[in-house]
Amino acid sequence: MAPPRRKTEEPGDFPWWLAAFGALCLGLAAVIAFNDLYAQVFGVVAKGIGITIGVTLAAFSLATVLGLAIALAGLSGSIVLRQVARFYVELIRGIPILVLLFYIAFVGAPGFVALWNWALGPLIERGWMEALLVRDVSLLWRAVIALMIGYAAFIAEIFRAGFQSVNEGQIEAAKALGFTRFQRFRLIVFPQAMRMIFPPLSNDFVAMVKDSSLVSVLGVADITQMAKVYAAGSFRFFETYSIVTYIYLLLTIGLSLALRGIERRMRRRIER
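Residues numbered from 1 in each chain as written. Predicted model: local features only at pLDDT ≥ 70, side-chain atom pairs only at ≥ 80, totals over all residues. Heavy atoms only, no water.

A.B. asks: What's the story with the side chain of D204 in this structure? I'm lost.
C.D. replies: The topology assignment puts D204 in helix α9 (residues 181–211). Within the buried core, D204 has no salt-bridge partner, and the shortest N-O distance to an opposite charge, that of K210, equals 9.6 Å. Beyond its immediate chain neighbours, meaning those up to four positions away, D204 contacts F60, Y151, F154, I155 and I158. (Helix = DSSP H or I, 4+ residues; strand = E, 2+ residues; numbered from the N terminus. Buried < 20%, exposed > 50% of the residue type's maximum accessible area, 1.4 Å probe, protein only. Lys, Arg positive; Asp, Glu negative; His and termini not counted. Salt bridge = Lys/Arg side-chain N within 4 Å of Asp/Glu carboxyl O. Contact = heavy atoms within 4.5 Å.)

Okay, structure coming up:
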């Protein structure tokens, strides 16, 4: 007899935490609306929201694609690909994101520029192309690439665990029916693995929103950087970082609720 399914939410379990959070947000919104100082701080800090969202979407999209490729390489029949994938995952997971940001920005980017100019040296010498300078590689894209490289290692492990959770008997049955490797992946493995992949992947997406604040160390004008500049000039640290906390909470909790809603709809569709 199968064990009873554990209920993650009781029918009468009212989300009091969400009500408390909503009341807090409304209170802070009223303070911002009626207090000139908080309104000024919010106006300055809010200018970085677009950069924060843009960095998060770009870095997470690229990290998801790279992570999927690494996961597939790690599950491939080639021992070389498997070892390369494992080497990447173990190496990158051992480096803090902040250190990776500095390394990509101040070591990786100059190295890329030097390699580019060396590879295209004959064209540059003939005047057909201009030499690439380190300053031509924007700090914004250095930050995006660093976040992509860092998160791809964790996302690869999420994909790997999800793919390996699919019942091997179904894959063998698909082989017996003559499905190609790609057809087995597209029609059998991937749809079922998404049930396992989506929750941790959505958690990583929310974490990326918070970790995007690290790009401020490179001077990228995100929410945190705008707050640092304003607080350094006005010495209004309490007001500034209260607003920063408020904005990040709105972004992360709002995103978490939206992703949970998508997860519930996926679960109901599967149960039908």
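A.B. asks: Just checking my understanding: could you explain the nonpolar core for this structure?
C.D. replies: Taken as a class, soluble globular proteins show a tendency for nonpolar side chains to be buried jointly. Among the nonpolar cores identified, the biggest contains 45 residues, and L101, L147, I155, F163, I197 and V215 are the most heavily contacted of them. For this core, the secondary-structure elements that each account for two or more residues are α3 (49–74), α4 (79–93), α5 (97–119), α7 (139–164), α9 and α11 (237–271). Per element, the largest residue contribution to this core is 14 residues, and it comes from α7. Apart from residues no more than four positions distant in its own chain, L147 is found in contact with V55, A59, I97, M208, D211, S212 and V215. F21, A227, Y246 and I253 belong to the second largest nonpolar core, which has 15 residues in total. (Core = buried A, V, L, I, M, F, W, Y, C linked by side-chain atoms within 4.5 Å.)

A.B. asks: I tried to follow a positive patch on the surface on my own but got confused; where do I start?
C.D. replies: A contiguous patch of positive charge on the surface is contributed by R260, R264, R265, R268 and R269. When you line up the elements, R265 lands in helix α11. (Patch = residues over 30% accessible without salt bridge, like charges linked within 9 Å, V, L, I, M, F, W, Y side chains within 5 Å. Areas by Shrake-Rupley, 256 points an atom, 1.4 Å probe, with all protein chains shown as cover. Charge placed at Lys NZ, Arg CZ, Asp CG, Glu CD.)

A.B. asks: Would you take a moment to explain the pattern of salt bridges for this structure?
C.D. replies: Opposite charge on two side chains permits them to pair, given that their charged atoms come into close proximity. Within this structure, the stated rule accounts for five salt bridges. Between R93 and E90 there is a salt bridge; the shortest N-O distance is 3.1 Å. Of this pair, R93 and E90 both sit in helix α4, separated by three residues, roughly a single helical turn. Judged by relative accessible area, which is 35%, R93 ranks as partly exposed. Residue E90 is classed as partly exposed on the basis of its relative accessible area of 42%.

A.B. asks: For this particular structure, what's the right way to read helix α10 (residues 223–234)?
C.D. replies: For an α-helix, 3.6 residues make a turn, and residues three or four places apart therefore share a direction. If you check α10, its first and last C-alpha atoms are 16 Å apart, about what twelve residues at 1.5 Å a residue would give, namely 16 Å. At the C-terminal side of α10, F235 shows a positive phi close to 60°. (Expected span 1.5 Å × (residues − 1).)

A.B. asks: Even after reading the chapter, I still don't get the side chain of S216, so can you show me in this structure?
C.D. replies: Here S216 is to be found in the loop between α9 and α10. A polar side-chain atom of S216 sits 2.8 Å from the main-chain carbonyl oxygen of S213. With residues up to four places along the chain from it excluded, the contact list for S216 reads D222, T224, Q225 and K228. (Polar contact = N/O pair within 3.5 Å; in protein donor to acceptor, adjacent residues only side chain to side chain.)

A.B. asks: Would you mind going over empty space enclosed by the protein with me for this structure?
C.D. replies: Over the atoms rolls a probe the size of a water molecule, and its path tells where empty space is left. Across all of its chains, the model carries one cavity of 30 Å³ or more by this definition. Here the largest cavity is characterised by a volume of approximately 30 Å³. Surrounding the largest cavity, L28, I32, Y38, S242, I243 and Y246 form its lining. For the lining of the largest cavity, the secondary-structure elements that each account for two or more residues are α1 (16–34) and α11. Ranked by residue count, the leading element in the lining of the largest cavity is α11, at three residues. Here the lining of the largest cavity is built from residues that sort into five nonpolar, one polar and no charged. (1 Å grid on protein atoms, 1.4 Å probe; cavity = no way out; pocket = protein on both sides within 12 Å on 5 of 7 lines; lining within 4 Å. Points joined across faces, edges and corners; volume = space filled by probe spheres on them. Nonpolar A, V, L, I, M, F, W, Y, C, P; charged D, E, K, R; others polar.)

A.B. asks: Sorry, what's going on with the layout of surface pockets here?
C.D. replies: For the second largest pocket, the calculated volume is near 490 Å³. Looking at the lining of the second largest pocket, the element that brings in the most residues is α9, giving five residues. When the residues that make up the lining of the second largest pocket are grouped by side-chain class, the tally is eight nonpolar, two polar and four charged.

A.B. asks: Help me understand the packing of aromatic side chains in this model?
C.D. replies: Given two aromatic rings, one states the distance between the centres and the angle between the planes to describe the pair. Taken as a whole and assessed by the stated rule, the structure comprises eight aromatic pairs. Aromatic side chains F60 and F205 sit 4.8 Å apart centroid to centroid with 35° between the ring planes, which places their arrangement in the tilted category. On the criterion of sequence distance, the pair formed by F60 in helix α3 and F205 in helix α9 is long-range, its members being 145 residues apart. The pair F60 / F205 is uniform in exposure class, with both members buried. Consider the rings of F185 and F190, whose centres lie 5.7 Å apart with planes at 50°: the pair is tilted. Given a relative accessible area of 22%, F185 falls into the partly exposed group. Clustering of aromatic rings is evident, with ring pairs tying together F159, F163, F185 and F190. (Phe/Tyr/Trp six-rings, centres within 6.5 Å; stacked < 30°, edge-to-face > 60°.)

That's the geometry; what it means functionally is another story.
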